[in-house]
Amino acid sequence: MAIEKALYQAPQGLSEIDNELEPDLEITIEDPESVEIGIDGEPILRIDDEEEEDDFGANLAEEMGDSELQSLASELISDFEDDISSRKDWMQTYVDGLELLGMKLEERSEPWEGACGVYHPLLSEALVKFQSETMMETFPAAGPVKTEIIGKETSEKKASAARVQEDMNYQLTDAMPEYRPEHERMLWGLGLSGNAFKKVYYDPNLGRQAAIFVPAEDIVVPYGASNLESAERVTHVMRKTENEVRKLQVAGFYSDIDLGDPVNSLDEVEKKIAERMGFRATTDDRYKILEMHVDLDLEGFEDKDEDGEPTGIALPYVVTIEKGTNNVLAIRRNWEPDDKTYAKRNHFVHYPYIPGFGFYAFGLIHLIGAFAKSGTSILRQLVDAGTLSNLPGGFKTRGLRVRGDDTPIAPGEFRDVDVPSGTMRDNLMPLPYKEPSQVLLALMNQIIDEGRRFAAAADMKVSEMNSQAPVGTTLAILERTLKVMSAVQARIHYAMKQEFRLLKVIIADYTPEEYNYEPEEGSRKAKKSDYTQVNVIPVSDPNAATMSQKVMQYQAALQLAQTAPQLYNLPVLHRQMLEVLGIKNYQKLVPIEEDKKPQDPVSENQDILMMKPVKAFLYQDHQAHIQVHMAAMQDPKIMALVGKNPQAPAMQAAMMAHINEHIAYEYRKQMEMRMGIQLPAPDKDDSQTGIPEEMEVQISQMAAQAAGQMLQQNQQEAQAQQNQQMQQDPLVQMQQQELQIKMQDMELRKQKMLLDAATNEDKLDIERQRIASQEKIAGMQVGVKAAKDRAELESKEKIDGLRIGSEIAKTQAQMNVAKATPQKGNNGQNARNTTEGM
C-alpha cells in the first residue's frame, strides 16, 4: 500500500508543485486490520501497533491444551509416586516410632485384661528437652535476628544494621504472630522425624510475608537428592478446603476448573500417623493438592538460543495438581524475570537433625527408638510382675466356695468360706509368681542410660564435679557432653540463616524507600536501602548448645582478661556476658563507646565527669574539642572540686585518653591534606584483610614525605608563635629591656677589661725585660765562676800529678837500690829490714 504525500496540505510557503517533485512515500502495512485511514474534516491516520506483552507471572496452564495438561499431570504424578516409594523404609520407621511417644492411653487385653500399657518416656523426654533448649536458644525475647555489615564498616552502615535488626525482629515477633508457634512446631517435628521444612512466601491475603512449618511427610523429594536446591523435584503435599481452592480460583491463581466434591481418602501413611497420634480418621473432606517444583521443557515455552532455536534445556516451573482428579490447576515460571540464567527460586528451607545416607535425615525416632521400645517392654514386664506378685492367682478345689462374689479382698476384710474337707490350705494352690526382678530393673536402667547418652539428653551430675576445678576443665566436660547437641544446633543455625535470607528479600521488597527519622509508634523504622547493606543471621550461637556452655566460655574469657586487661575490651565482654545470661536492658547497664553518638565538647566533659564513656568521630572539629577539654582540665575551680573525688585519677586518665583520640584524628586529617589523598577508614571491621600491599607501600612513602614536611612547618610555626608571644607579653618586654641594660653594662665592663689588659701587658713587657737582663747578668756570673773553678781544678790536678810522679820515682829508686845490695847470712832479717825501711 502506498500513501501519496499529496493527500496532505503543503506547508505554508511551499507550492503544490514542490510537493509533487518529491518521490512518494512507500509504507508497507503487515497487519491491515490494525490500520485505520479516514478523512473527517482533516486527514486521520491511526496505526494500532500495540503488542500484547507477555505476563511473566501468568498461569501457563490456561494457554495449554487439555490433552497436553493431562499427559503432563500423569507423568508428574508417576514421578511423585516413585519419590514416595524411594523413602518408604525411612517413612516406615518414622511412623512406627510415633507410638513410642505414648501420646495415647493404651487399653491392653494381652496377656490379660488390664495389663500394663505404659510407655517409657525416653523418647518424649529427649524430644521435649531438645525443643525447649533449642527454642530458648534460637528465639530469645528480644527476637531471633541479628545483623552483620557487608563490606567496610561505617557509621551509616552501623545505623542501617541497627534499623534492619530492629525491623526484622519486629516483623517476626509482632507483625507475624504465627511465627513463634510455627517455629516451635518445626522444632518438635525436627527432633521427632529428623527433618522439618519451612515454606517462605508472600501471602496476598495477609498482605505480608509468611513462614509456615511443613512436616517432613508433606515434602516429597527423591531420596538420592543432595539438597533442595539441586533436587530435580520437590513436591509439597497440601490439604485445602473447597472454599480455599475456590478463593484461589476466583483470584486467578488457579485455573477455574470444576473439581467436583473432595472424595480423596487418606493414604496408608496418613492413616497410620493418625492412629499413632491417637486420632481416628479414614477420610478427609479436603482437596489433596500437589505443588511440584520441577524442571520442564514445555512446548511453546522452550528455552531458545540467540538464533531463536530451542535448546532443549528444561526450565524451573511450579506445577500445581489436584491429586484426586489429576487436573492441573496452575503452571508458573519459577525464576526471576530479569535472570538470564534461569536459576530456580527456592521457597523451602530444610532443617536436618542428623544427616544420613540420603536426602532425609534421621531423628530421635531413628536414633533411640529401639532403646525406647526395649525400655517400654521391660518396664511393662516389671509392672506386670509386681501386679501378679501383689494379686496372685492360682487353683482351688471344686468344692471350695467363697460366700459372696470373687472380687479381691479389701484390706481388713474377712469372708466366709465353705471348706469341703480338711483345712483351707489344702484346698488352695497359688501359682509361684516372683517379685519384680532386680536384674531386669538394672538391665532397663542400663538401656535407658545408653539411650539418653546417645541422644545427648542425659543430665550432668553436678554433684560429681569439683567446684574448685578450673573453668577450662569444666568447659571441656561440658563440650564433651554436649558435642552432639552442639552439632545439631549448628545445623539449625545454618538453616535459620537461609530462612532469614528468604524473609529478608520479601520484607525488603515491601519496605518503603524512605522513612521518617522520627517515626510514629508502630511504623516502619527501616528503609529499603538499609537491607542492601547488611546480612541477617540468627542470634543463636552455633558454637554453644546451651546457656551453661556459653556462660562457662565467657567465664574463661573473663579469667584471661584479668591476666592482661589492657588487651581486652572489658565493657564489650561484660555486655556479652549479660546478654548470654538473659539480663534485660543490658545495653543500658554496661554502656560502651560504640553506643555513643557525636556530642559537643561540653557534653563530653559532662560524661567524663560522670564516668561515662565518650568517643571522638572523624568529622568533628578536633581543635575546638581539644581546647574545650584542656580548658576544663586547667580550670582551678573544677580541678579543686574534682580533686576531692576518689575517682579523680580515673577521670583525668579518661580525659587525657579522649584528648589523645581527638589529637590522633586531627593528625590524620592534616596528613590527608598534606598527602592529597583520603586514607582508609580507621573504623574498618576487623574481619577485613586490610589494604593491598602495593597501596600500603605507596601510602607509607607518601606519609614519610608528608610527615617530614609537616614537622618542619610545625617547628617553624611553633618558633614564630613563640617569638610573637614573647614580643606581645609586657613582662617579656621588661625582661628584654633589662637584658639590654645588662648587655650595655657588660659592654662597658668589657671595654674596661680591655684597657686593664693593655696596661697589664705593658707592665708585663717591662718585667719581662728586667727578667731578661737579670738572666743575662746571672749567666755572665755563672760563666766567670765556672772559668775560675775550671782553672783551679786544672792547677790542682797538675800539682797532684807532680806529687804522684815524684812518689812513683822515689819508690822506683828504692826498689832499684834493694835489688843492687848483696844478700848475706841472715837474708830473712835483711829482707825484713829492707821491707820495714821501705
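Just so you know, these numbers come straight off a predicted model, no measurement behind them.

K.L.:
Sorry if this is basic, but what is going on with the pairing of strand β6 (residues 195–203) here?
P.N.:
Side-chain direction in a regular strand flips from residue to residue, so the side chains alternate between the two faces of the sheet. With seven of nine residues buried, β6 lies mostly within the body of the structure. Pairing of β6 with strand β7 (residues 208–215), which is carried by eight bridges, proceeds in the antiparallel orientation. Counterpart to Phe197 in the pairing with β7 is Val214. Between β6 and β7, which pair antiparallel one after the other, the connecting turn spans four residues, and Gly207 there sits at a positive phi close to 70°.

K.L.:
Which parts of the structure should I look at to understand helix α18 (residues 622–634)?
P.N.:
Look at α18: 18 Å from first C-alpha to last across 13 residues, which is about the 18 Å you get at 1.5 Å a residue. Every buried residue of α18 is listed here: His622, His625, Ile626, His629 and Ala632. Buried residues of α18 fall within an arc of 130° about the axis and therefore sit on the same side. Residues Gln627 and Gln634 are exposed on α18 and point more than 90 degrees away from its buried face. In the core, the buried residues of α18 are packed alongside α17 (601–609), α19 (636–643) and α20 (648–675).

K.L.:
Can you help me understand the confidence of the model for the protein in this one?
P.N.:
Detailed conclusions should not be drawn from predicted coordinates in areas where pLDDT is low. Of the residues in the protein, 80% have a pLDDT of 70 or more, and the chain-wide mean is 79. Looking over the protein, one finds the lowest element-wise mean pLDDT in strand β1 (residues 2–3), namely 38, and the highest in strand β13 (residues 348–352), namely 95. With pLDDT under 50 throughout, residues 458–465 is counted as low confidence; its partners more than four residues away or in other chains account for nine contacts.

K.L.:
Even after reading the chapter, I still don't get the packing of aromatic side chains, so can you show me in this structure?
P.N.:
How two aromatic rings sit relative to each other is set out by the distance from centre to centre and by the angle between their planes. In total, this model carries 12 aromatic pairs according to the counting rule given. When the centroid spacing of 5.6 Å and the interplanar angle of 80° are considered together, the rings of Phe56 and Trp335 count as edge-to-face. Of this pair, Phe56 sits in the loop between β4 (42–47) and α2 (66–86) while Trp335 sits in the loop between β12 (327–333) and β13, and the two are 279 residues apart along the sequence. The class for Trp335 is buried, based on a relative accessible area of 5%. Three or more aromatic residues link up through ring pairs in this structure, and these residues are Trp90, Tyr94, Phe197, Tyr223, Phe359 and Tyr360.

K.L.:
Just checking my understanding: could you explain unusual backbone geometry for this structure?
P.N.:
Peptide bonds are trans in most cases, and residues, glycine excluded, mostly fall at negative phi. Notably, Asn326 is not glycine yet its phi reads approximately 60°, a positive angle. Here Asn326 lies in the loop between β11 (315–322) and β12. Accessibility expressed as a relative area gives 25% for Asn326, which makes it partly exposed.

K.L.:
Before we go on, may I ask you to explain a nonpolar patch on the surface in this structure?
P.N.:
On the surface, Phe395, Met429, Leu431 and Tyr433 cluster together to form a nonpolar patch covering roughly 400 Å² of accessible area. Overall, Leu431 belongs to the partly exposed group, its relative accessible area being 32%.

K.L.:
Would you explain helix α10 (residues 438–454) in this entry?
P.N.:
Along an α-helix, residues three or four positions apart point the same way, because every turn accommodates 3.6 residues. With 17 residues, α10 should reach 24 Å at 1.5 Å per residue; the first-to-last C-alpha distance of 24 Å fits that figure. Within α10, the full set of buried residues consists of Met444, Ile447, Ile448 and Gly451. For α10, the angular spread of the buried residues around the axis is 95°, confining them to a single face. In α10, the exposed residues that point more than 90 degrees away from the buried face are Gln438, Val439 and Arg453. The elements touched by buried residues of α10 are α4 (122–138) and α9 (364–390). Here α10 starts with a cap whose side-chain oxygen sits 3.3 Å from the backbone nitrogen of Val439, and that cap is Ser437.

K.L.:
Where do I start with the sheet that holds strand β8 (residues 219–220) in this structure?
P.N.:
Strand pairing within a sheet occurs via backbone hydrogen bonds; the two strands may be parallel or antiparallel. One open sheet holds the five strands; their spatial order is β8-β9-β10-β11-β12, and the pairing between them is antiparallel. Unpaired on one side and paired on the other, β8 and β12 mark the two borders of the sheet. Taken strand by strand, α2 contacts β8, β9 (233–240), β10 (287–296), β11 and β12, and its axis lies near 95° from that of β10. Across the sheet, helix α7 (residues 242–250) is in contact with β9, β10 and β12; its angle to β9 comes to roughly 115°.

K.L.:
I'm lost on the packing of α17 against α20 in this one. Help?
P.N.:
A pair of packed helices can be characterised by two numbers: the angle between their axes and the separation between those axes. In contact at an axis separation of 9 Å, α17 and α20 are set at 145° when each is read in the N-to-C sense. Crossing angle aside, the handedness with which α17 passes α20 is right-handed. Every residue of α20 that contacts α17 at Glu604, Asn605, Ile608 and Leu609 is listed here: Met651, Ala654, Met655, His658 and His662. Looking at the contact of α17 with α20, its residues break down into five nonpolar, three polar and one charged.

About the criteria used
- Residues numbered from 1 in each chain as written.
- Predicted model: local features only at pLDDT ≥ 70, side-chain atom pairs only at ≥ 80, totals over all residues.
- Heavy atoms only, no water.
- Buried < 20%, exposed > 50% of the residue type's maximum accessible area, 1.4 Å probe, protein only.
- Helix = DSSP H or I, 4+ residues; strand = E, 2+ residues; numbered from the N terminus.
- Pairing = 2+ DSSP bridges.
- Expected span 1.5 Å × (residues − 1).
- Arc of directions from axis to C-beta.
- Contact = heavy atoms within 4.5 Å.
- pLDDT = per-residue confidence, 0-100.
- Phe/Tyr/Trp six-rings, centres within 6.5 Å; stacked < 30°, edge-to-face > 60°.
- Patch = residues over 30% accessible without salt bridge, like charges linked within 9 Å, V, L, I, M, F, W, Y side chains within 5 Å.
- Areas by Shrake-Rupley, 256 points an atom, 1.4 Å probe, with all protein chains shown as cover.
- Salt bridge = Lys/Arg side-chain N within 4 Å of Asp/Glu carboxyl O.
- Polar contact = N/O pair within 3.5 Å; in protein donor to acceptor, adjacent residues only side chain to side chain.
- Axes fitted to C-alpha atoms, helices over the stretch in contact; angles between N-to-C directions.
- Left-handed = near helix turned anticlockwise from the far one by under 90°.
- Nonpolar A, V, L, I, M, F, W, Y, C, P; charged D, E, K, R; others polar.

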